[in-house]
Amino acid sequence: MKFGPVPIEKAEGAVLAHATTAGERRFRKAHRLSGEDVASLKAAGFSEVVVAVLAPDDLGEDAAAEKIASSMAHRNVETKPAATGRVNLHAETAGVFTVDAKMIDAINAVDPAITIATLAQHAPVEKGQMVATVKIIPFAVATSLVDAVTKICAGGEIFAVNAYRPVKVGIIQTTLPGVGQSVLDKTLRVTEARLARSGGRLTAERRSPHEIAPVAEAAAALARDNDMVVIFGASALADFADVIPAAIEKAGGTVIRAGMPVDPGNLLVLGTLNGKRVIGAPGCARSPKENGFDWVLDRLIAGLDVTAGDIAGMGVGGLLMEIPSRPQPREPLPARAESKVDIVLLAAGRSSRMGGPNKLLALFEGKPLVRRTAERALGSKAARTIVVTGHQRERVRSALSGLDVRLADNPDFADGLASSLKAGIARVAPDAAGAMIVLGDMPGVSSKDLDSLIDAFRRSSGRAVVRAAHQGKRGNPVLLPRSLFAAVAHLQGDTGARHLVEAEGLDVIDVEIGEGASIDVDTREALEGAGGVLQD
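## Things to note about empty space enclosed by the protein
Empty space among the atoms becomes apparent when a probe as large as a water molecule is rolled across them. Per the stated rule, a full pass over the model turns up 1 cavity of 30 Å³ or more. Looking at the largest cavity, its volume works out to about 70 Å³. Lining the largest cavity are L369, R372, T373, R376, V438, L439, M442, P443, V445 and L450. Top contributing element to the lining of the largest cavity by residue count: helix α10 (residues 369-378), with 4 residues.

## Structural notes on the side chain of R372
Relative to the assigned elements, R372 resides in helix α10. Residue class for R372 comes out buried when judged on its relative accessible area of 12%. A polar atom in the side chain of R372 sits 3.2 Å from the backbone oxygen of P443.

## Points about helix α4 (residues 143-153)
It helps to recall that an α-helix has 3.6 residues per turn; residues three or four apart then point in one direction. When we look at burial in α4, the residues that qualify are V146, V149, T150 and C153. Buried positions in α4, seen along its axis, are confined to an arc of 100° and lie on one side of it. Buried residues belonging to α4 abut β6 (58-60), α2 (61-70), α3 (101-108), β11 (114-118) and β14 (140-142).

## Looking at the sheet that holds strand β17 (residues 201-209)
Judged by pairing direction, the sheet is mixed, and its 6 strands sit side by side in the order β17-β16-β18-β21-β20-β19 without closing on themselves. Looking along the sheet, the strands with just one partner apiece sit at the ends: β17 and β19 (254-258). Within the sheet, the average angular offset between the axes of one strand and its neighbour, ignoring direction, is 20°. Where strand β16 (residues 168-175) lies against β17, 8 bridges are found, and the strand directions are parallel. By the bridge assignment, K168 is partnered in β17 with R201.

## Topic: the pairing of strand β13 (residues 130-136)
Within β13, 6 of the 7 residues are buried, which leaves it mostly tucked inside the rest of the structure. Pairing geometry for strand β9 (residues 86-91) and β13, over 5 bridges, is antiparallel. Bridging across to β13, L89 finds its partner in A132. Sheet topology places β11 next to β13; 5 bridges connect them, and they run antiparallel. Opposite I114, over in β13, you have I136 as the bridge partner.

## Re helix α6 (residues 212-225)
Taking 1.5 Å of rise per residue, the 14 residues of α6 would be expected to cover 20 Å, and the 21 Å separating its terminal C-alpha atoms lies within 8% of that figure. Listed in full, the buried residues belonging to α6 are V215, A216, A218, A219, A220, A221, L222 and A223. If you follow the buried residues of α6, they end up packed against β16, β17, β18 (228-232), α7 (243-250), β20 (269-273) and β21 (276-281).

## Comments concerning the sheet that holds strand β28 (residues 465-470)
The mixed open sheet is built from 7 strands, whose spatial order is β26-β25-β22-β27-β29-β28-β30. For this open sheet the edge positions go to β26 (406-409) and β30 (508-512), each flanked by a neighbour on one side alone. This sheet shows a mean twist of 30° between the axes of neighbouring strands, independent of strand direction. Across 5 bridges, the pairing between β28 and β30 is parallel. Residue pairing for β30: R467 is matched across the bridge by D510. Contacting β22 (341-347), β25 (384-389) and β27 (434-439), α10 runs over the sheet at an angle of about 175° to β22. Packed on one face of the sheet, helix α12 (residues 417-425) meets β22, β25, β26 and β27 and runs near 145° to β22.

## A look at the environment of H90
Note on placement: H90 falls in strand β9. Sequence spacing of H90 and V125 is 35 residues, and the spatial spacing of their C-alpha atoms is 9.6 Å. Apart from the residues within four sequence positions on either side, H90 is in contact with N76, V77, E78, K80, G128, Q129, M130 and V131. Within the local environment of H90, its side chain forms a polar contact with the backbone oxygen of G128, the two atoms lying 2.9 Å apart.

## Examining the environment of M314
By secondary structure assignment, the location of M314 is in the loop between α9 (308-312) and β22. We classify M314 as buried; its relative accessible area is 3%. Setting aside its immediate chain neighbours within four residues, M314 contacts M260, P261, V262, W295, V296 and R299.

## Some details on the pattern of salt bridges
Going through the model one piece at a time under the given rule, you end up with 22 salt bridges. Linking D147 and K67 is a salt bridge whose minimum nitrogen-to-oxygen distance equals 3.0 Å. Of this pair, D147 sits in helix α4 while K67 sits in helix α2, placing them 80 residues apart in sequence. Residue classification places D147 among the partly exposed residues on the basis of a relative accessible area of 35%. Note on K67: relative accessible area 34%, which makes it partly exposed.

Thresholds, definitions, all that
Residues numbered from 1 in each chain as written. Predicted model: local features only at pLDDT ≥ 70, side-chain atom pairs only at ≥ 80, totals over all residues. Heavy atoms only, no water. 1 Å grid on protein atoms, 1.4 Å probe; cavity = no way out; pocket = protein on both sides within 12 Å on 5 of 7 lines; lining within 4 Å. Points joined across faces, edges and corners; volume = space filled by probe spheres on them. Helix = DSSP H or I, 4+ residues; strand = E, 2+ residues; numbered from the N terminus. Buried < 20%, exposed > 50% of the residue type's maximum accessible area, 1.4 Å probe, protein only. Polar contact = N/O pair within 3.5 Å; in protein donor to acceptor, adjacent residues only side chain to side chain. Arc of directions from axis to C-beta. Contact = heavy atoms within 4.5 Å. Pairing = 2+ DSSP bridges. Axes fitted to C-alpha atoms, helices over the stretch in contact; angles between N-to-C directions. Expected span 1.5 Å × (residues − 1). Salt bridge = Lys/Arg side-chain N within 4 Å of Asp/Glu carboxyl O.

Structure representation (structure tokens):
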């Protein structure tokens, strides 16, 4: 193939290098010029054009990409039609991606004109996700180069999506004094969600003392009726003869590997029992964030073997994102004499259930509700108070006149609660360890109540979610640690802080503050019952 400018008279049959306009006609890049096209360009004043002139033994970019893609052997992968020298390949099912790296490297070494890129080895994929792409760089490539690539492809399966199987999983959770019921319940929810993404399901749970004999008995029982057993220990693995590996062996099983070079996930145990896989889950597996447990679990559910050697080879790329909430982070958080907390007071809503008046401007003891709430926030131990305004922003801001609050405007307030959360969190100071989300329409929450939440947050070293409660039922306000701030940016619509608390799997501390945690004034009746007077 030759590339460069040619006289317009010699351009017929060549491939146009750049999009070109001739009068009212526009020729796209890579368009093969016909005699009529050449005449149009000449009439428009072109004396030469930049083109690619194909040799007799050249294949056009699309034909070359299609020939290479069609020569590949793969499983559960769909090949899309070629376009602009590219063929994309997509997963036909959810599963774990495997690839022959040596074959890919050999193809990419043939010539820079021919490229193939894939997902990483053992990447989890969803149905329809792109897993590989073949791209021809120039407009054409020599047939001999394409033939060299197809010869490599004939050597065997180049990649595959190993489909998830609907496995049945039994769970054992060991207990020790001080292990809360909420931790065990949260672990179940997180594990069910982790299994659901790959089609697996949790069929049974047993809770056992953190001792070898009862764990062994529970493991043997669950292995009879399930495809896999997962054990969550109340205490982290401290030795290769500790409770979980010892229990697997006492039940008649074999420990394949204890410990893995993936962090978070170092303390995983992998074994077999009666032909079934047993995983001693590391403590970080109680969080939904990616950790070494996911790497092993996904492969097993996809029907792939995981050996001791496989785990030993996971170190490169095994340094994953830290989970700040886990009991022993790899690096301690910076010491804080007192974890600073900012309050984000949400005051942007439309009060739609009031039928017109803005509830935040209703008078309580002669003061607009939003001002009363802001004064209580300012009277707490919080470092700063940020008020998010939107609906009737000027009236709301006027009601706050003279108060030492920071104002955050939310022009998208009509989109729902999430937009106000984003606007408020964006204004939280960089040195704040957390943000307390305070609703503007909760007249029963006092400065003392806010301080109770802040005190609990500080006792957790700024790592836990702290939530107001009334008679054991969750309520508001909610104090979010900084580790959740990034997740706020992904919220949409009327999704609020409660969704984050449930989805992220962090430790949750409920603080009883009385009925103020559950009293809001969404309706005219509720507002008047709480002592408010609506203003037009």
